[in-house]
Amino acid sequence: MQKSALHILLADDDEDDRLFFKDAFEEVKIQTKVQFAHDGMELMEHLMHPDTILPDILFLDLNMPKKTGKECLIEIKKTDHLKHLIIAIYSTSSSEEDIEDTFIQGANIYIKKPSNFNALKKIINEVVTLNWHYHTSGLNRDTFLLRLK
Amino acid sequence: MHALKLPLILLPSIILFSKIILFIFSNIFYTMKLFIKFDINTVCSLFLKEKLGERQVNYTPLGFGEIELDKNLTAEELESMKNDLEPLGLEIVENQKSVLVQKIKDAIIEMVFMDENGNNLKSSVYLAEKLNHSYGYLSNIFSEVTYSSIENFIILQKIERAKQLIIINELSLTEIAFLLNYSSVAHLSTQFKNTTGITPSAFQRIIKKRRENLK
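Remember, it's a predicted structure, so these values are computed and weren't measured experimentally. (Residues numbered from 1 in each chain as written. Chains lettered and ligands numbered in written order. Predicted model: local features only at pLDDT ≥ 70, side-chain atom pairs only at ≥ 80, totals over all residues.)

1. Observations concerning the pairing of strand E4 (residues 86–91) of chain A
All names here are of chain A. With six of six residues buried, E4 is to be regarded as a mostly interior element. Taking every second residue as pointing to the same face, both faces of E4 are buried, with Ile86, Ala88 and Tyr90 on one and Ile87, Ile89 and Ser91 on the other. Bridge analysis of strand E3 (residues 57–60) against E4 gives four bridges, and the strand direction is parallel. Note on E4: the bridge partner recorded for Ile57 is Ile86. Taken together, E3, helix H3 (residues 69–78) and E4 form a β-α-β motif whose crossover is right-handed. Where E4 meets strand E5 (residues 109–112), four bridges bridge the pair, whose relative direction is parallel. (Buried ≥ 20, exposed ≤ 12 C-beta atoms within 10 Å, placed from the backbone. Helix = DSSP H or I, 4+ residues; strand = E, 2+ residues; numbered from the N terminus. Pairing = 2+ DSSP bridges. Right-handed = clockwise from strand over helix to strand, strands pointing away.)

What follows is the structure, encoded as structure tokens:
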């Protein structure tokens, strides 16, 4: 069963990064619908709202005002209706500690923000294709870990 | 004289009475016609809502008879859903290519997760024989529908099995490499790292800590 469009949500306070991200998704072969949250608070309010259609993948920046990405991650994993969300950390940090720590907290994917557009496009293509396999092929989401540079 | 007066008075009421009887009879003997205006979309969505509701699934209509479910149904659920909808005149249309892709995936999973010999088989020969199509044909359809190759999917499944085996923690990485028909541990480790971005030992450590974290 092919889903019509993949729902993507990005929480990032940087406007340039959001635009960059949106443009990259427009060039991905699989059809997607991209939404944004501007900070951690807005993200959590959006996810907790009963009318919200939950995203297929949530891209989460670690450094955000009001509530950090890590705080959001921990909160999401403690919330019953949210804990199965596929979470991709999307961060400028490439410290091994951050990476392993967010994986332990339950993130599925860790993406180091690439410096150029083509690299971002390639990464997004990979994530979306792989995620689609997870949707349709009975792969175990609990052991779905992916690190992209 | 007196005798004549009575029927005269009664006559109009008899006529009226017989008309009433005729009216009643006509309604018994003749079928009734009603004109119904219906909206096929409403009817269809009512049935869908009922049948999907029984399965605790929500859906969004996308127009032109296409709907999107908020979760994936298993093959059995989809089958029972089909059987439920059929008497109502509703049929789930399946895309032949998607069906074939699902068969390819099922065959690969069966092959990778088979306990003995599964991973010694040559996958192209195995798939072509099992699905009765040339490997080239299968490979093209698969790429067209999933935007990734059969080879990639096989690697993905082998790594998935390796993950399971690592978590169960009964076999050493060397034994796992042998079971999954890798030429060496190094080969398995490299493919694991290429597929997931992390090494098998980091994977093992993360999953272990994550589980302790949840307790």
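2. Re the pairing of strand E2 (residues 32–37) of chain A
Residue and element names in this part refer to chain A. Strand direction decides the pairing type here: strand E1 (residues 6–11) and E2, joined by six bridges, are parallel. Bridging across to E2, Leu10 finds its partner in Phe36. Considered for its hand, the β-α-β crossover made up of E1, helix H1 (residues 15–26) and E2 is right-handed.

3. Considerations on the environment of Tyr126 of chain B
All names here are of chain B. Within the secondary structure, Tyr126 is located in helix H5 (residues 123–131). Taking the number of C-beta atoms within 10 Å as the measure of exposure, Tyr126 has 16 and is therefore partly exposed. When the C-alpha positions of Tyr126 and Ile108 are compared, they lie 9.0 Å apart, and in sequence the two are 18 residues distant. Not counting residues up to four positions away in its chain, the partners in contact with Tyr126 are Met111 and Leu121. (Contact = placed C-beta atoms within 7 Å.)

4. Topic: the sheet that holds E5 of chain A
Residue and element names in this part refer to chain A. With parallel pairing, six strands are arranged side by side in an open sheet as E2-E1-E3-E4-E5-E6. Of all strands in the sheet, those bounded by a partner on one side alone are E2 and strand E6 (146–148). Averaged over neighbouring strand pairs, the angle between their axes works out to 20 degrees when direction is ignored. Bridge count between E1 and E3: four bridges; the pairing is parallel. Its bridge partner being in E3, Leu9 is matched across the sheet by Leu58. Across the sheet, helix H4 (residues 96–104) is in contact with E4, E5 and E6; its angle to E5 comes to roughly 155 degrees. (Axes fitted to C-alpha atoms, helices over the stretch in contact; angles between N-to-C directions.)

5. Quick look at the nonpolar core
If you look at the biggest cluster of nonpolar residues, it comprises 52 residues, and the most contacted ones within it are Leu58, Phe59, Leu60, Ile87, Ala88 and Ile89 of chain A. The element contributing the most residues to this core is helix H5 (residues 117–136) of chain A, with six residues. Sequence-distant contacts of Leu58 of chain A, defined by excluding residues within four places in its chain, comprise Leu9, Leu85, Ile86, Ile87 and Ala88 of chain A. Listed in part, the nine residues of the second largest apolar core include Val101, Ile104, Ile108 and Phe153 of chain B. (Core = buried A, V, L, I, M, F, W, Y, C linked by C-beta atoms within 7 Å.)

6. Considerations on the interface of chain A and chain B
Contacts between the two partners involve 21 residues from chain A and, on the opposite side, 21 residues from chain B. Of all elements in the fold, only H4, H5 and E6 of chain A reach the threshold of two or more residues within the side of chain A that touches chain B. Split by residue class, the side of chain A that touches chain B holds eight nonpolar, nine polar and four charged. (Nonpolar A, V, L, I, M, F, W, Y, C, P; charged D, E, K, R; others polar.)

As far as function goes, none of this settles anything; it's purely spatial.
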